[in-house]
Amino acid sequence: MRIFIDMDEVIADTYQQHINVHNQKYGTNFTKADCYGKEFWMCVAEKYQQEVRDHAYQKGFFKDIPVIGNAVEVIKELEAKHEVFIASAAMQFPNSLQEKSEWLDQHLPFITWKNRILCGHKHILKGDVLIDDRSYNLQHFEGRGIQFTSPHNVHTTDFERADDWNTIASLLL
């Protein structure tokens, strides 16, 4: 199979990174549980909402994002059996292109540059499976779409769902 895996909120815990940056700067103690059904920027006071939305434009934001669960181990197993590509919408945030590439070098070095797609829209992807947290990416994918759970999408029911990487392993290995 040809499998495309999104990066943010699927492999890299970008949602948690937004929380970490805000909590550290303002001494707050937000958790993901506080945010179910919302984008993180919707959870902060109105005066901070644009600042949170702008996190991804800041140099260094994508550099130290935590890895989600056992993503690395499962992706390594998938890569041994299937054709695996990391497909991330990196063009929207200018600094993210290099930082995401470096993040992948650090955490998923077995996925070579030839299997990394740092793009704009994902509707161009042609393959068997797309694992993504965003409904708008899954809607136009012609193969099997699996929505990876993130706080912002917990109420979405339009797609097959995976809450964690153990579920991905059971579905695709």
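Reading the values: the criteria
Residues numbered from 1 in each chain as written. Predicted model: local features only at pLDDT ≥ 70, side-chain atom pairs only at ≥ 80, totals over all residues. Heavy atoms only, no water. 1 Å grid on protein atoms, 1.4 Å probe; cavity = no way out; pocket = protein on both sides within 12 Å on 5 of 7 lines; lining within 4 Å. Points joined across faces, edges and corners; volume = space filled by probe spheres on them. Helix = DSSP H or I, 4+ residues; strand = E, 2+ residues; numbered from the N terminus. Expected span 1.5 Å × (residues − 1). Phe/Tyr/Trp six-rings, centres within 6.5 Å; stacked < 30°, edge-to-face > 60°. Buried < 20%, exposed > 50% of the residue type's maximum accessible area, 1.4 Å probe, protein only. Pairing = 2+ DSSP bridges. Contact = heavy atoms within 4.5 Å. Axes fitted to C-alpha atoms, helices over the stretch in contact; angles between N-to-C directions. Salt bridge = Lys/Arg side-chain N within 4 Å of Asp/Glu carboxyl O.

Caption draft 1: The arrangement of the layout of surface pockets in detail. Computed from the structure, the largest pocket encloses a volume of approximately 790 Å³. What lines the largest pocket is a set of 33 residues, and nearest its centre among them are Glu-9, Gln-92, Phe-93, Arg-134 and Tyr-136. Within the residue set of the lining of the largest pocket, elements represented by two or more residues are α1 (14–26), α2 (46–53) and α5 (135–139).

Caption draft 2: Quick peek at α1. End to end, α1 covers 18 Å across 13 residues, agreeing with the expected 18 Å (1.5 Å per residue, within 8%). Remark: Gly-27 follows α1 within two positions and exhibits a positive phi of approximately 70°.

Caption draft 3: Summary view of the packing of aromatic side chains. Counted according to the given criterion, the structure contains nine aromatic pairs. Taking 5.3 Å as the distance between ring centres and 85° as the angle between the ring planes, the aromatic pair formed by Phe-30 and Phe-40 counts as edge-to-face. Here the residue Phe-30 occupies a position in the loop between α1 and α2, and Phe-40 occupies one in the loop between α1 and α2, the gap between them amounting to ten residues. Assessed through its relative accessible area of 2%, Phe-40 is described here as buried. Members of the aromatic cluster, joined through ring pairs, are Tyr-57, Phe-61, Phe-62 and Phe-93.

Caption draft 4: Region of interest: the pairing of strand β4 (residues 129–132). Because side chains alternate across β4, one face comprises the buried residues Val-129 and Ile-131, and the other comprises Leu-130 and Asp-132, equally buried. Here strand β1 (residues 2–5) runs beside β4; their pairing, made up of three bridges, is parallel. Pairing of Phe-4 across the sheet is with Leu-130, part of β4. Bridge count between β4 and strand β5 (residues 144–148): four bridges; the pairing is parallel.

Caption draft 5: Quick peek at the environment of Val-129. Along the chain, Val-129 falls in strand β4. For Val-129, a relative accessible area of 1% translates into the label buried. Sequence separation between Val-129 and Phe-141 is twelve residues, and the spatial gap between their C-alpha atoms is 8.5 Å. With sequence-adjacent residues up to four places away left out, Val-129 is seen in contact with Met-1, Arg-2, Ile-3, Phe-4, Phe-141, Arg-144, Ile-146 and Leu-172.

Caption draft 6: Up close: the sheet that holds β5. Read from one edge of the open sheet, six strands run β3-β2-β1-β4-β5-β6, paired in parallel fashion. Lying at the two open borders of the sheet, with one neighbouring strand each, are β3 (116–118) and β6 (160–162). Between one strand axis and the next, the sheet turns through 25° on average, direction left out of account. Packing of helix α4 (residues 96–107) onto the sheet brings it into contact with β2 (83–88) and β3, and relative to β3 it is tilted by some 160°. Of the strands in this sheet, β1, β4, β5 and β6 touch helix α6 (residues 165–172), which is tilted by about 160° from β5.

Caption draft 7: Fine view of the pattern of salt bridges. With the rule as written, the count across this model stands at twelve salt bridges. The partner of Glu-51 in a salt bridge is Lys-25, with the nearest N and O atoms 2.9 Å apart. Here Lys-25 lies in helix α1 and Glu-51 lies in helix α2, a separation of 26 residues in the sequence. Judged by relative accessible area, which is 55%, Lys-25 ranks as exposed. When the shortest N-O distance is used, the salt bridge between Lys-126 and Glu-142 registers 3.4 Å. Placement of the pair is Lys-126 in the loop between β3 and β4 and Glu-142 in the loop between α5 and β5, with a sequence separation of 16 residues. Counted as one network, the salt bridges with shared partners bring together Glu-9, Glu-39, Asp-133 and Arg-134.

Geometric values such as these leave the question of function open.
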